[in-house]
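# Close look at the chain arrangement
Take a look at the letters that make up each chain.
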Amino acid sequence: MGTRVDIHTTRQGTSHRKALTRFVAVVAVLLAGSAMAQSATDTNMEILKQKITANKKLLVAHNMDLNDAEAKQFWPLYDSYQKELEQLDHKLGKTITEYAEAFNKGPVPNDTAKKLMKEVLNEEEQEVKLKRSYVEKLGKVLPATKAARYLQIENKIRTVVKAELAQVIPLVY
Amino acid sequence: MLVFKGSTMRILSFGALVGSLLYLNACASSDSPVLPPPPSVAGTKQLLVEPKAASASASADTNMAILMKKIKADKKLLVANNMDLTDAEAKRFWPLYDSYQEELQQINHRLGRTIMDYADALNKGPIPNETAEKLMSEALDVEEAEVNLKRSYAQKLDDVLPATKVARYVQIEHKIRAVVKSELAQRIPLVY
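As a starting point, this report considers the structure included with it. Just so it is clear, the structure is predicted and the values come from calculations on it, not from any experiment.

A separate point is the overall build of chain B. A count of helices and strands for chain B gives six helices and zero strands. Starting at the N terminus and walking to the C terminus, you meet the elements of chain B as α-α-α-α-α-α. A buried classification covers 29% of the 192 residues belonging to chain B. Residue pairs at least 24 apart in sequence account for 83% of intrachain contacts in chain B once pairs closer than 6 positions are excluded.

What follows concerns the overall build of chain A. Looking only at helices and strands, chain A features five helices and zero strands. When the helices and strands of chain A are read in sequence order from the N terminus, they spell out α-α-α-α-α. A burial count over chain A gives 32% of its 173 residues as buried. If you take every contact in chain A between residues at least 6 apart in sequence, the share linking residues at least 24 apart comes to 73%.

Here we come to the packing of helix H4 (residues 110–141) of chain A against helix H6 (residues 163–187) of chain B. Following both chains from N to C, one finds H4(A) and H6(B) inclined at 35°, their axes separated by 7 Å at the closest point. As for how H4(A) packs across H6(B), the hand of that crossing is left-handed. Here H4(A) contributes A:Asn110, A:Asp111, A:Ala113, A:Lys114, A:Leu116 and A:Met117 to the contact with H6(B), which in turn contributes B:Ala163, B:Thr164, B:Val166, B:Ala167 and B:Val170. Each residue belonging to the contact of H4(A) with H6(B) can be placed in one class, and the counts come to seven nonpolar, two polar and two charged.

Residues and elements named next belong to chain B. With 37 residues, helix H4 (residues 87–123) extends 52 Å between its outermost C-alpha atoms, agreeing within 8% with the 54 Å of an ideal straight helix rising 1.5 Å per residue. Where H4 bends most, at Phe93, the angle is about 30°, and the proline Pro95 comes one to four residues later. Among the residues trailing H4, Gly125 stands out with phi positive, at a value near 115°.

Next up on the list: unusual backbone geometry. Residues and elements named next belong to chain A. Phi angles above zero are rare outside glycine, and Asp65 is one such case at about 50°. Considering the arrangement of structural elements, one finds Asp65 in the loop between helix H2 (42–64) and helix H3 (68–104). On the basis of neighbour count, Asp65 is assigned to the partly exposed category, with 14 C-beta atoms found within 10 Å.

Calculation criteria
Positions within a chain are numbered from 1, following the residues in the order the chain's sequence is written. Throughout, the order in which chains and ligands are written sets their labels, letters from A for the former and numbers from 1 for the latter. Totals for whole chains, interfaces and linings use every residue, but because this is a predicted model, local features are given only for residues with pLDDT of at least 70 and side-chain atom pairs only at 80 or more, for both listing and counting. Segments assigned H or I by DSSP are reported as helices when at least four residues long, segments assigned E as strands when at least two residues long, and all are numbered from the N terminus. Labels follow a simple rule on C-beta atoms placed from the backbone: if 20 or more others lie within 10 Å of a residue's own, it is buried; if 12 or fewer, it is exposed; otherwise it is partly exposed. Two residues form a contact once the distance between their C-beta atoms, set from the backbone, is within 7 Å. Fitting a line to C-alpha atoms yields each axis, with helices limited to the stretch in contact; the angle taken between N-to-C directions then spans 0 to 180 degrees. Handedness of a crossing is defined here by the sense of rotation of the near helix relative to the far one, left-handed for an anticlockwise turn of less than a right angle and right-handed for a clockwise turn. Throughout this entry, Asp, Glu, Lys and Arg are counted as charged residues, while Ala, Val, Leu, Ile, Met, Phe, Trp, Tyr, Cys and Pro are counted as nonpolar. The remaining residues, Gly among them, count as polar. Multiplying one less than the number of residues by 1.5 Å gives the expected span of a helix. The term bend refers to the angle at a residue between two fitted axes, each drawn through seven residues, those ending there and those starting there.

These results come straight from atomic positions and should not be treated as a statement about function.
Here is the structure:
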């Protein structure tokens, strides 16, 4: 079996590597919570989300090693990608909330299960499409290694979030 | 915090275990891809496979084959335990399950090959842009293929099972694969 490599290679050394590990774990837990947040904690949740957004941007900045020319073209694309991801997260959050409501009422009816599953599959498909479209956009303004690295960073974060969500959401009965 | 009331999840205790085992599975092949340690650790070039590991690879292969068989059997039992199928449903579900597993395995192979190519490139030093582009495009293709496969099987299952059971099966697969994906993403180093 392969040697176990902890997280990623970075020229900046161990501090950023650790930062990414820790950040990913924190984001996962918070986003999993955020997707199910109720109105009582809305304000705190909003502040928390702003902090997460800022942390994520700093994390990406640290790991991308962009020169000035690249940075000028990269960050606007980054921001619009984040907006589109946020819209997807909203849809996903809504689907999860709907599921929780149905689940709490007792056995989930077949037509509800069908509808929710379809929504989840649609969202998954949209996310892959969105990713591909941004890879193409980034490919025009960054060298391919940096575009790939950015994609990896997003992937490290989102796969943890997805795994957390998958583990906390119960099976339908 | 919105919670799911009294959710019974027989699968949970298993999820992490199966996840890490399937991760091994995804990386397994006769010449296992070994991701190099970060260059920052040592400036010298790292060997891809240690000599000792290479000489033991024949017996490791057999062990890996045995392990993979066990994982497959464990997964099937896990699905069986969680699906509560009637006899009529079971008769139609399992053939679809088996063919889905075969197609998933092909996707895993593609993914494993891509990871191996990446490990090879990484061991040679800084990755050329064209290699990065090729690997990234492969990774995206594999991801897309997996989503498409999932949708096509959700439709096939819909013809033979009530929708709640279809959804439950999709959830079980998703729980397992989400852990595998996350493990892979955390262990594969960033490209430089």
